Amino acid sequence: MSNSRTTARSKGMPASNAMLCSMLLLAGWLLTPTLAQGESSGAPETVQMQVSQAMKSFLDTQGGGNDQLTLRAGRLDPRLRLGVCDQALEINEGRPLNLNRGRQTVKVSCHGNSPWRIYVPVELTRRQQAVVAARPLAPGDVLSLEDLDLATVDANRARRQYYTDPKELVGMQATQPLQSGQLVTAHNLGINAVVERGDIVSIQVGHGGFVVGSTGEAQGRAGVGQRVKVKNTGSGNVIETVVVDSRTVEAVGR
């Protein structure tokens, strides 16, 4: 009797191992529905690709003129249980994007057999030619065309007013140090004033050989070619003028 039991145990599995196998089988059976659900939902990377393609198509329909636009969708939360939509995704309910804003949030909707809706952070890059410093500039430097260049920048990352035509800035004065290739903005430029408020200047009226002159007091500061209001010392009238040099202005529209 004892011999038969010993033989049976030697041929079979130890009791502890048998119990462990049973527990593993039970755990596998319990986990099977969850895994199957995860597989049917689709990997997040696949949904990510569908969202990215929908963003690109939406941006293409919106256009944007001559600007070079790219829209990058933020990475989806991997915990989301989303299936690949069997219809084209709807972006922002058809509302246009703000092309002047880099970071924004976009609503993405699936209206297929298994509908879902999420909000996706995106970054819009708007590349444009803008004026940059062609060489290092120091505060007080008066800008010439040789000091300026054009480069492609992300306009949506520019926090201050920038310029697209170097000719606009000729005669302006750097108020802060500028490195070569640095974006030139209204923040680091100032007026190269040759006329200050309170200066007495000669007012020219007329063109060609017939010029009538009078004197006036400048009501502001301005550089050559810029406008400044001047109060006529004789009549007291305030008129609009353009600065010719540090002592002369020319009346506008007269």
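The structure under discussion appears in the preceding block.
Residues numbered from 1 in each chain as written. Predicted model: local features only at pLDDT ≥ 70, side-chain atom pairs only at ≥ 80, totals over all residues. Heavy atoms only, no water.

A. Representation of the nonpolar core in the model. In terms of nonpolar packing, the biggest core is built from 23 residues, with Val51, Met55, Leu89, Val108, Trp116 and Val120 touching the most fellow members. Only α3 (44-62), β1 (68-73), β3 (103-110) and β4 (116-133) provide two or more residues apiece to this core. Element by element, the count of residues in this core is highest for α3, at 6 residues. (Core = buried A, V, L, I, M, F, W, Y, C linked by side-chain atoms within 4.5 Å. Buried < 20%, exposed > 50% of the residue type's maximum accessible area, 1.4 Å probe, protein only. Helix = DSSP H or I, 4+ residues; strand = E, 2+ residues; numbered from the N terminus.)

B. Representation of the pairing of β3 in the model. For β3, a buried count of 6 out of 8 residues is recorded, marking the element as mostly surrounded by other parts of the structure. Where strand β2 (residues 90-91) lies against β3, 2 bridges are found, and the strand directions are antiparallel. In the sheet register, glutamate 90 faces β3, and the bridge partner there is serine 109. Summarising the sheet, β3 and β4 pair through 8 bridges and their orientation is antiparallel. Counterpart to valine 108 in the pairing with β4 is isoleucine 118. Two successive antiparallel strands, β3 and β4, enclose a turn made up of 5 residues. (Pairing = 2+ DSSP bridges.)

C. Representation of unusual backbone geometry. Positive phi is not limited to glycine here, since asparagine 92 has a value of about 55 degrees. Within the fold, asparagine 92 resides in the loop between β2 and β3. For asparagine 92, a relative accessible area of 8% gives the class buried.

Read these as geometric descriptors, not functional statements.
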